[in-house]
Amino acid sequence: PGLPLGFLSIRQTTSILGMVRSYLALVAAAGSSFLSQAPQTNATDASAVANATAATVGLPSTEKVYIDGTLIFQGGSMQNDLNKCRQFTQKSKREVKVCGNGIKLTAHLFYKCEDKKGYEKHVVDVGSCDTGKDSGHCEVYSPANRSTFAEYRSYKIQQC
């Protein structure tokens, strides 16, 4: 209370310095992953970032995902899109095609890729995840397979 405007209290200064130290530690830990174009994650510790990076190395360009005929994922250059929850657009027909044997698309009835209790049967995996199949193998899923699929709201592309 007795300080002129523009000065911070010791408690405020200590709090800000703690946040800066945490931020710098996170940047230092994730720096090498960022430079190697690691996938973006919400991870807050260096081991989680390292595990996510190791898990997505080496997907060939034959791994592809299409929604309504539009390519939305391809191994190699688009690996940053793995493990991120995305929303189907309102106008989407929900025609999903997954090619390759190393990725799958998991579709959810609810937004934010939520698996609500009692709705587990409304989670659909599209993709073979079978290394015995040809890398050019594709699986297609749409409301023709299950009429309620037209109401699904979110999806996540994951490595098998």
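Caption draft 1: Spatial organisation of the confidence of the model for the protein. For the protein, mean pLDDT is 74; residues scoring 70 or higher make up 64% of the total. With pLDDT under 50 throughout, residues 1-5 is counted as low confidence; its partners more than four residues away or in other chains account for two contacts.

Caption draft 2: Focus on the pattern of salt bridges. Inspection of every chain in the model, using the stated rule, returns three salt bridges. In this structure, the salt-bridge partner of Arg153 is Glu151, at a minimum N-O distance of 3.2 Å.

Caption draft 3: How the structure looks around the sheet that holds strand 5 (residues 103-108). Read across the open sheet, the four strands follow the order 3-8-5-6; overall the sheet is antiparallel. Strand pairing shows two members of the sheet lacking a second neighbour, strand 3 (85-87) and strand 6 (123-126), which therefore form its edges. If you compare each strand with its neighbour and ignore which way they point, the axes differ by 25° on average. With six bridges joining them, strand 5 and strand 8 (residues 154-159) adopt antiparallel strand pairing.

Caption draft 4: Molecular detail of the side chain of Asn101. Inspection of the secondary structure assignment puts Asn101 in the loop between strand 4 (96-99) and strand 5. Asn101 gets classed as buried once you look at its relative accessible area, which sits at 14%. Polar side-chain contacts of Asn101 include one of 2.9 Å to the backbone oxygen of Lys133. Those residues in contact with Asn101 that sit more than four places away from it in its chain are Glu63, Ser128, Cys129, Asp130, Thr131, Lys133, Asp134, Ser135 and Cys160.

Caption draft 5: Geometry of the nonpolar core. In terms of nonpolar packing, the biggest core is built from 19 residues, with Phe88, Val96, Leu105 and Phe149 touching the most fellow members. Of all the secondary-structure elements, those providing two or more residues to this core are strand 1 (64-67), strand 4, strand 5, strand 6 and strand 8. Ranked by residues supplied to this core, first place goes to strand 5 with three residues.

Caption draft 6: Focus on the environment of Lys84. Mapped onto the fold, Lys84 is located in the loop between strand 2 (70-74) and strand 3. Overall, Lys84 belongs to the buried group, its relative accessible area being 19%.

Caption draft 7: View of the side chain of Lys84. At 4.7 Å, Asp81 is the nearest oppositely charged side chain to Lys84, a buried residue that forms no salt bridge. Within the local environment of Lys84, its side chain forms a polar contact with the backbone oxygen of Asn80, the two atoms lying 3.2 Å apart.

Caption draft 8: View of the sheet that holds strand 4. What the four strands build is an open sheet, ordered 2-1-4-7; its pairing is antiparallel. Looking at the sheet topology across the chains shown, the edges are occupied by strand 2 and strand 7 (138-141). Between one strand and the next, the sheet's axes are offset by a mean angle of 20°, whatever the strand orientation.

Caption draft 9: A look at the state of the cysteines. A complete count under the given rule lists three disulfides for this structure. Across the disulfide, Cys85 is cross-linked to Cys113 (sulfur-sulfur distance 2.2 Å). The chirality of the disulfide connecting Cys85 with Cys113 is right-handed, given an S-S dihedral of about 100°. Linking Cys85 in strand 3 with Cys113 in the loop between strand 5 and strand 6, this pair joins segments that are 28 residues apart in sequence. A relative accessible area of 11% places Cys113 in the buried class. Here Cys129 is linked by a disulfide to Cys160, with a sulfur-sulfur distance of 1.8 Å. In this structure, the disulfide formed by Cys129 and Cys160 twists by about -65° around the S-S bond and is classed as left-handed. On the criterion of sequence distance, the pair formed by Cys129 in the loop between strand 6 and strand 7 and Cys160 in the segment after strand 8 is long-range, its members being 31 residues apart. Judged by relative accessible area, which is 33%, Cys129 ranks as partly exposed. By sequence order of its bonded cysteines, the protein has the disulfide arrangement 1-3, 2-5, 4-6.

Rules used throughout
- Residues numbered from 1 in each chain as written.
- Predicted model: local features only at pLDDT ≥ 70, side-chain atom pairs only at ≥ 80, totals over all residues.
- Heavy atoms only, no water.
- pLDDT = per-residue confidence, 0-100.
- Contact = heavy atoms within 4.5 Å.
- Salt bridge = Lys/Arg side-chain N within 4 Å of Asp/Glu carboxyl O.
- Pairing = 2+ DSSP bridges.
- Helix = DSSP H or I, 4+ residues; strand = E, 2+ residues; numbered from the N terminus.
- Axes fitted to C-alpha atoms, helices over the stretch in contact; angles between N-to-C directions.
- Buried < 20%, exposed > 50% of the residue type's maximum accessible area, 1.4 Å probe, protein only.
- Polar contact = N/O pair within 3.5 Å; in protein donor to acceptor, adjacent residues only side chain to side chain.
- Core = buried A, V, L, I, M, F, W, Y, C linked by side-chain atoms within 4.5 Å.
- Lys, Arg positive; Asp, Glu negative; His and termini not counted.
- Disulfide = S-S within 2.5 Å.

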